[in-house]
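# Secondary and tertiary structure notes
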Amino acid sequence: MKTYMTSEIACSIGIHSNTVRLYEELGLIPKPERKENGYRIFTDFHMEQIKFVRIALKVEVLQNGLRKQAITIIKTSASGNFDKAIALTEHYLQQIKNEQSNAEEAIEITQKLLSGSNQGQESETMVLTRKETADYLQISMDALRNWEMNGLLTIKRKQNGYRVYTDEDIRRLKIIRSLRCANYSLSAILRMLNTLSQNPKADIRQVIDTPDESDDIISVCDKLLTSLHYAEENAKVMLAHLGKMKKQFESNPTL
């Protein structure tokens, strides 16, 4: 059985020795045996498992527990239970596809709302308070405040200072709600709304998935469609690597 020192396995994979030790501390790889002098002894299983960790942690999609699922898959693989790890990864892949479907559906809803195809469902004279609006849309008042504070909509006030929400506000809020439910970031939604106000014929999918160069912080939720597509491809690579490990190490457990 071939063995490796910490520095050898780190050099082979292209990471720092401290990263190897961190993976061990986090339970992402099995604890290696040690020589009498205390030096760790790594095997081919450690080598392939660390490669798997690097693959699984490439993706930064965080919503709905996807990151947590990836960690669980890694730890399951580290325990040598490849069948369970493969089953968990297949579930993980399906959830990513569900997230993609939600993201695409939110864009379709947005396009319908913007085209006015849903107009007529609300009264032409609809004027609601903040609480009535929250109840009507089945969202929290905190969400409404947050969206307003982040500039997604500006609400008019009566002479007594109370906010009133009109048909146009409700339509805009439905768009925001649909996109937020699909995990688009506030900055991505605001970018889309601002662009559409200047160019109603702009491509929604492209605008919402393409952060401006001037944006101070760009998160994966600012490029949701792109990041979910990348996550899907990455999950397929994870499945392939797990299949390789299962075949390699179950046929020769001494590796």
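Residues numbered from 1 in each chain as written. Predicted model: local features only at pLDDT ≥ 70, side-chain atom pairs only at ≥ 80, totals over all residues. Heavy atoms only, no water.

On to the pattern of salt bridges. Evaluation of the coordinates by the stated rule reveals 14 salt bridges. Here Glu104 ties to Arg205 by a salt bridge, and the two come within 2.7 Å at their closest N and O atoms. Linking Glu104 in helix α5 (residues 82-115) with Arg205 in helix α10 (residues 204-208), this pair joins segments that are 101 residues apart in sequence. Of the residues examined, Glu104 reaches a relative accessible area of 28% and is grouped as partly exposed. We note a salt bridge from Lys236 to Glu232, for which the minimum N-O separation is 3.6 Å. Of this pair, Lys236 and Glu232 both sit in helix α11 (residues 224-250), four residues apart, which is roughly one turn of the helix. Taken together, the salt bridges that share partners define one network made up of Glu24, Lys31 and Arg40. (Salt bridge = Lys/Arg side-chain N within 4 Å of Asp/Glu carboxyl O. Helix = DSSP H or I, 4+ residues; strand = E, 2+ residues; numbered from the N terminus. Buried < 20%, exposed > 50% of the residue type's maximum accessible area, 1.4 Å probe, protein only.)

With that settled, consider the sheet that holds strand β1 (residues 3-4). Taken in spatial order, the three strands make up an open sheet running β1-β3-β2, and their pairing is antiparallel. Where the open sheet ends on each side, the last strands, each with one partner, are β1 and β2 (33-34). Sheet topology places β1 next to strand β3 (residues 40-43); two bridges connect them, and they run antiparallel. Each residue of the ladder has a partner; that of Tyr4, found in β3, is Phe42. (Pairing = 2+ DSSP bridges.)

Bringing the nonpolar core into the picture now. Of all hydrophobic cores here, the largest spans 69 residues; its most connected members are Tyr92, Trp147, Tyr184 and Met192. Considering each element in turn, this core owes the most residues, 10 residues, to α5. Among all residues touching Tyr92, those that are not within four sequence positions of it are Val59, Leu66, Gln69, Ala70, Ile73, Ala235 and Met238. (Core = buried A, V, L, I, M, F, W, Y, C linked by side-chain atoms within 4.5 Å. Contact = heavy atoms within 4.5 Å.)

For the pair helix α6 (residues 130-137) and helix α7 (residues 141-149), interaxial distance at closest approach is 9 Å and the crossing angle is 110°. As summarised for this structure, α6 and α7 are arranged roughly perpendicular, according to the angle between their axes. Touching Arg130, Lys131, Thr133 and Ala134 of α6 are Met141, Leu144, Arg145 and Glu148, all from α7. Of the residues that constitute the contact of α6 with α7, the class distribution is three nonpolar, one polar and four charged. (Axes fitted to C-alpha atoms, helices over the stretch in contact; angles between N-to-C directions. Parallel < 35°, antiparallel > 145°, perpendicular 65-115°, else oblique. Nonpolar A, V, L, I, M, F, W, Y, C, P; charged D, E, K, R; others polar.)

The geometry of an aromatic ring pair is captured by two quantities: the separation of the ring centres and the angle between the planes. Tallied over the full model, the rule gives two aromatic pairs. Measuring from ring centre to ring centre gives 6.1 Å for Phe45 and Phe82, while their planes differ by 80°; the resulting arrangement is edge-to-face. Of the two residues, Phe45 sits in helix α3 (residues 44-56) while Phe82 sits in helix α5, which places them 37 residues apart along the sequence. On the accessibility criterion, Phe45 (14% relative accessible area) is buried. By relative accessible area, Phe82 is classed as buried at 3%. Chaining the aromatic ring pairs together yields one cluster made of Phe45, Phe82 and Phe249. (Phe/Tyr/Trp six-rings, centres within 6.5 Å; stacked < 30°, edge-to-face > 60°.)

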